[in-house]
Amino acid sequence: MTLTRFVTKSAFRNKRRSILTVLSISFSLILLTLMMTIWRGFYIDKGSAESAQRLVMRHRVSLTNFIPGYYREKIRTIPGVVAVVPNSWFGGIYKDAKPENFFAQFGTDPDEFFKVFTDFKIPDDQLAAWQRDQAGVVVDSKLAEKFGWKVGDRINLKGTIYPTNLELTIRGIFTAPQPTQSVYFNFKYVEEAVAWAKGQAGTFGILADSAENVPKVAAAADAMFHNSPQPTKTESEKAFQLSFVASLGNVKAFILSICLAVVFATLLVSANTMAMSIRERTREVAVLKTLGFTRGKILGLYVGEAMTVAVIGGICGSLFAFAMVAILAKAPGIGLFFGGMQVTPGTLAVAILVSALVGFLSAIVPSYHAAKIGIVEGLRYIG
Amino acid sequence: MAIPIAYNIRNLKLRKGLTIMTALGIALTVTTAVFLMALLAGLDKAFVASGSPLNVLVLRKGSQAELSGGFDGALFPTLRELPGVSKNSKGEPLASGEWVVVIVLPRKDGTGEVNVSVRGMMPAGLELRPNVKLTDGRWFTPGQREVVVGKNIHSRFSGTNVGDVLDFAKGKWTVVGVFDAGGTAYDSELWGDVNQIAADFDRQGGYSSAYLRATDPVAADALKNRVSDDQRLKLEGMLETEYYAKQTSSGKPIQIIGTFVAIIMAIGSCFAAMNTMYAAVAYRGREIATLRVIGFSRPSILTSFVLEALLLSLLGSILGILLMLPFNGLTTGVGNQVTFSEMVFSLQMTPRVILISIAFGLLMGLLGGLAPAWHAARQNILTALRG
């Protein structure tokens, strides 16, 4: 029998205990993996290549203030800007005010919209139809699936910010790299119905010629309108999205404290198991010593055993989390939140590494005590 | 005959290390649950306590919040003179036309910029909110570029002391006072003169909302219906309390994520408790058999072990609550999904939160202890005695 075989065999000598420990650790690791994935999605991922090239301009004071529509042509003159399109939040009610019927509605310019959002795909004939119908709307394919919409269906939106109701016809269905839960219509429709909305925009979506130029374009755009009555704030699309995450509260501290609690709980569970299992085997240690095993070797055996159990738990947990994120990303509602997230191999590796470390730490103290015990004393020990 | 509970307590004491570690594991889970529930309780309290049942909030028809759109200022005199609106000592009706706008302020701790609500109001606006008390400085003077700040704004944002100057919209605003609204949503707002604020945000000639204070609850209800039913006004009235009750939905993301985290952690802790209890049963095989020989029945052995698991989890729950106690009253902010601005509230470990978390801990103990207890009760006496 090789040493590794000895370790795995003894790791599962008490099957029920080992399985319970593995289960307990894997549940903790599910959480840890999920939290790390969310952290990564929020703070590390730069988004897709197309998204990294886009900027969002809004009013300096707040998102609820409008910026003048004529800024659009001025923005175009900034070096590095490829295309600009207005995006105005309509905030209408579809059917009723229930949260399951909520989705984002933006008024935009059909002629240039898909030139800024280059990673949104739509068939050419549908795009042409949308551009021809001022009361036309294009919808996210995931949203169309949820509500069972087809091209040609009508959508009625009751205005809350703008005192008007929109009667839109679906002219196209687009697919986005991540679910957007959004529909886009021609803002002219609103401008014609509401006098004060004319020449106003909520935000501008800007496409830069490269991701490297994004900070430069942002600085140039804000400098351009710095001293005007309507100053602006321009940031990368990712930063813009993060400002909504920030509104959920102190998310970083929240995630960190959960991770800490989870890791500590795992450590306790694993330490508990190892303490029980090693104490039971005091006599076995004495036998091993009689056979010529050194202290170091015995220490290694037990630490290896704990790490085996913990790593199995880690693998189970992180793989389960992997599947969970994949499923959640498709779920309605929270799907938007998990949309672009994915458990990457790196995250999996970190989760498994953490579990190995936990196994190692949990076994060190009880194994050290076991390895120190005298042979005669150990042989006399009764359970 | 039942086995005395002292037997279980002594057993838990005998294997101190194991007991403490398992209890700590349960404690961590309970702490997480307490934290999340206290967060939600605090949020609920902030919203529920906001608003007076005597105040009627008037918005444009179809509008869901004070932020979305506004109505013609010419309608305000009609609202002001409606029957049922109470009057102050000078005989003026307690009605205030207001504008709510959102500005961005940098957080004191440097963790980024946050949206904050600014409310412009008429002088009557202060009178119809009698629960709001000035704690420092004075109220703003109508016609001046002055603001008073809520106590949460004062504690969380720099440059909000009396005498400081804030720079937003078209220029500088002097902070002249700090008010305490008793932990309600108003504590997260800045207040100023409605005309000054409307001018700075290019919104003259209208109001986003109007507040009317009724003489009594019945009058408030009548006022609300009267405003909503008048076809010419195209306005909608609602009780201020109803308006805030709707906003508690801002806590939904925390609630969903929190429940999920608590359940996963609880399942993990259940397995750990099960492990400990199985070890306890295995360790005492001969002892259990002896108890059976003496005449204790299977059900009483089962009960005894379940009780022991419950004791263990009770210890864990109490530990968990104690761990969380220092954080009681801690304030934190969350984005209000109706006003798009940050709403500050404090963690509230209410008796209800504590009772639920103890029940939660006990449930973990019960689920973790049942299978091992069953196993203990079903042991064969002879084999156990020999083992």
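Please read all numbers here as calculations on a predicted model, not as lab measurements.

## Topic: the interface of chain B and chain A
At step 1: Residue-level contacts link 46 residues of chain B with 39 residues of chain A.
At step 2: Only helix H2 (16–49), strand S3 (95–106), helix H9 (252–283) and strand S13 (331–335) of chain B provide two or more residues apiece to the side of chain B that touches chain A.
At step 3: A class-by-class count of the residues in the side of chain B that touches chain A yields 24 nonpolar, 20 polar and two charged.

## Re the nonpolar core
At step 1: By size, the foremost hydrophobic cluster in this structure holds 170 residues, and its most contacted members are Leu31(A), Val34(B) and Leu212(B).
At step 2: Among the elements that make up this core, the one with the highest residue count is H2(B) (20 residues).
At step 3: Setting aside its immediate chain neighbours within four residues, Leu31(A) contacts Ile258(A), Val262(A), Val261(B), Ile264(B) and Met265(B).

## Here's the deal with the domain arrangement of chain A
At step 1: We note that the domain assignment places domain 1 (3–46 + 250–380) and domain 2 (61–230) within chain A.
At step 2: On a C-alpha basis, the centres of domain 1 of chain A and domain 2 of chain A stand 48 Å from each other.

## Here's the deal with the packing of H2(B) against helix H11 (residues 298–324) of chain B
Residue and element names in this part refer to chain B.
At step 1: Viewed as axis vectors pointing N to C, H2 and H11 meet at an angle of 50 degrees, and their least axial separation amounts to 7 Å. Relative to H11, the element H2 is oriented oblique. Handedness of the crossing formed by H2 with H11: right-handed. Residues Thr19, Thr22, Ala23, Leu24, Ile26, Ala27, Leu28, Val30, Thr31, Val34 and Phe35 of H2 touch H11, and the partners they reach there are Leu312, Ser313, Leu315, Gly316, Ser317, Leu319, Gly320, Ile321, Leu323 and Met324.
At step 2: For the contact of H2 with H11, the per-class residue count stands at 14 nonpolar, seven polar and no charged.

## Digging into the sheet that holds strand S12 (residues 232–236) of chain A
Residues and elements named next belong to chain A.
At step 1: In spatial order, the strands read S4-S7-S8-S6-S9-S5-S3-S11-S1-S12; together these ten strands make up an open sheet with mixed pairing. The sheet is open, and its two edges are formed by strand S4 (93–94) and S12, each paired on a single side.
At step 2: Judged from the five bridges that link them, strand S1 (residues 54–59) and S12 form a sheet pairing that is antiparallel. Bridging from a neighbouring strand, leucine 55 pairs with serine 236 of S12.
At step 3: Strands strand S6 (136–140) and strand S8 (165–174) of the sheet are contacted by helix H6 (residues 124–132), whose axis makes an angle of about 160 degrees with S8.

Conventions used here
- Residues numbered from 1 in each chain as written.
- Chains lettered and ligands numbered in written order.
- Predicted model: local features only at pLDDT ≥ 70, side-chain atom pairs only at ≥ 80, totals over all residues.
- Contact = placed C-beta atoms within 7 Å.
- Helix = DSSP H or I, 4+ residues; strand = E, 2+ residues; numbered from the N terminus.
- Nonpolar A, V, L, I, M, F, W, Y, C, P; charged D, E, K, R; others polar.
- Core = buried A, V, L, I, M, F, W, Y, C linked by C-beta atoms within 7 Å.
- Buried ≥ 20, exposed ≤ 12 C-beta atoms within 10 Å, placed from the backbone.
- Domains from an automatic or database assignment.
- Axes fitted to C-alpha atoms, helices over the stretch in contact; angles between N-to-C directions.
- Parallel < 35°, antiparallel > 145°, perpendicular 65-115°, else oblique.
- Left-handed = near helix turned anticlockwise from the far one by under 90°.
- Pairing = 2+ DSSP bridges.

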